[in-house]
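Architecture at a glance
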Amino acid sequence: MIYEVKGPVIEHVTKIFESVEDTLVQSYLQGHMGTAYVDSLENPKVAQIIVGIFVFYAGDAGVPGTKELLHNLPDYPLVIVNTDEWKNSIELEYKEQAHKFKRYRFNRDKTHFNHEKLTQLINDLPEEYKLQKINATIINNSSFSTLSEDFFSQFESHDDFLARGIGYCVTCKDVPVCGATSFSIYDAGIEIEIATDERHQRKGLAAATAASLILDCLEQRIYPNWDGANSPSVKLAEKLGYVLKEEYDTYFIEK
């Protein structure tokens, strides 16, 4: 049997995940968003953290509760683990349903950003587009959420996003066509979510929108963390000033 974490049990989860530096894990441990489950409320040996579709495991992968936790998944789950023991457990449990691919981490160093270059990316936005900070009008525009359901999905409501989140949007004739937002938040920063309407790609919209979000974060003295899902994401990140740290395994579990 597994248990949802509440109250003081979170201290055990924090200890189990003490070697995991992922910002989404920190989002949960610091009380901002997400849920967690353990194999025992009294003396947990294994724990799971879920933030959106992202799932993290840590602890002893050999205890009896592991199997049930491995099947406690959201729709379209992306599972991230840090040890070969956990990778083996996932692959043995799911076999051909576990599709392994690479994601990309970047160094968290604000000195890598060049303010003049970021400003120039914003200034290079074509004249037919308008860049603006996300407000109530934008966030309630159905065309904006169509770009990405994850712009504000981890927040309790639109108002909650406007109160705790941050983001920028590019519009064309008042229609949102590109956005960059805080997918999640943690004490020291945000995790960036970015998406562009395919009909408006390759025009510098993503670079301009992300540059605005990065500069805003730096002004607020929080870090705009970028985690790359593919090669185009890595190229855009490097254009913005991020420096690649490493690639890492992620599993998409086909349910």
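Quick look at the structure, then.

Quick notes on the rules
Residues numbered from 1 in each chain as written. Predicted model: local features only at pLDDT ≥ 70, side-chain atom pairs only at ≥ 80, totals over all residues. Heavy atoms only, no water. Core = buried A, V, L, I, M, F, W, Y, C linked by side-chain atoms within 4.5 Å. Buried < 20%, exposed > 50% of the residue type's maximum accessible area, 1.4 Å probe, protein only. Helix = DSSP H or I, 4+ residues; strand = E, 2+ residues; numbered from the N terminus. Contact = heavy atoms within 4.5 Å. 1 Å grid on protein atoms, 1.4 Å probe; cavity = no way out; pocket = protein on both sides within 12 Å on 5 of 7 lines; lining within 4 Å. Points joined across faces, edges and corners; volume = space filled by probe spheres on them. Nonpolar A, V, L, I, M, F, W, Y, C, P; charged D, E, K, R; others polar. Arc of directions from axis to C-beta. Polar contact = N/O pair within 3.5 Å; in protein donor to acceptor, adjacent residues only side chain to side chain.

Notes on the nonpolar core
Membership of the largest hydrophobic core comes to 48 residues, with the highest contact counts inside it found for Leu-118, Phe-144, Leu-213, Ile-214, Trp-226, Leu-240 and Tyr-242. It is helix α9 (residues 205–219) that provides the largest number of residues to this core, a total of eleven residues. Ignoring anything within four residues of it in the chain, the contact list for Phe-144 reads Ile-134, Ile-138, Ile-139, Phe-151, Phe-152, Cys-169, Pro-176, Gly-179 and Thr-181.

So, the layout of surface pockets
Size it by volume and the largest pocket reaches roughly 1300 Å³. Lining the largest pocket are 50 residues, with Ile-194, Trp-226, Asp-227, Ala-229 and Ser-233 positioned closest to its centre. Contributing elements (two or more residues each) for the lining of the largest pocket: α2 (23–29), β4 (54–59), β5 (78–80), β6 (98–106), β10 (189–196), α9, α10 (231–240) and β13 (244–253). A per-element tally of the lining of the largest pocket places β10 first, with six residues. For the lining of the largest pocket, the per-class residue count stands at 21 nonpolar, 13 polar and 16 charged. Put simply, the second largest pocket is a space of about 170 Å³. As for the second largest pocket, its lining consists of 15 residues, and the residues nearest its centre are Arg-164, Gly-165, Ile-166, Gln-220 and Ile-222.

Things to note about α10
Among the residues making up α10, those that are buried are Ser-233, Val-234, Leu-236, Ala-237 and Leu-240. Viewed end-on, α10 has its buried residues packed into an arc of 165 degrees, placing them on one side of the element. Seen from the buried face of α10, the exposed residues on the opposite side, beyond 90 degrees, are Pro-232 and Lys-235. Next to the buried residues of α10 lie β6, α5 (115–123), β10, α9 and β12 (227–228). By the N-cap criterion, in which a side-chain oxygen at the helix start approaches the backbone nitrogen of a residue two or three places on, α10 is capped by Asn-230, the distance to Ser-233 being 2.9 Å. Phi turns positive, to about 120 degrees, at Gly-241, one or two residues after α10.

Details of the environment of Ser-40
By secondary structure assignment, the location of Ser-40 is in the loop between β2 (35–38) and β3 (46–51). Residue classification places Ser-40 among the buried positions, given a relative accessible area of 15%. Taking the C-alpha atoms as reference points, Ser-40 and Gly-65, 25 residues apart in sequence, are found 8.3 Å from one another. Within polar-contact distance, the side chain of Ser-40 engages the backbone nitrogen of Glu-42 at 3.2 Å. Among the polar contacts listed, one links the side chain of Ser-40 to the backbone nitrogen of Asn-43, at a separation of 3.1 Å.

Nothing here speaks to function; it is geometry throughout.
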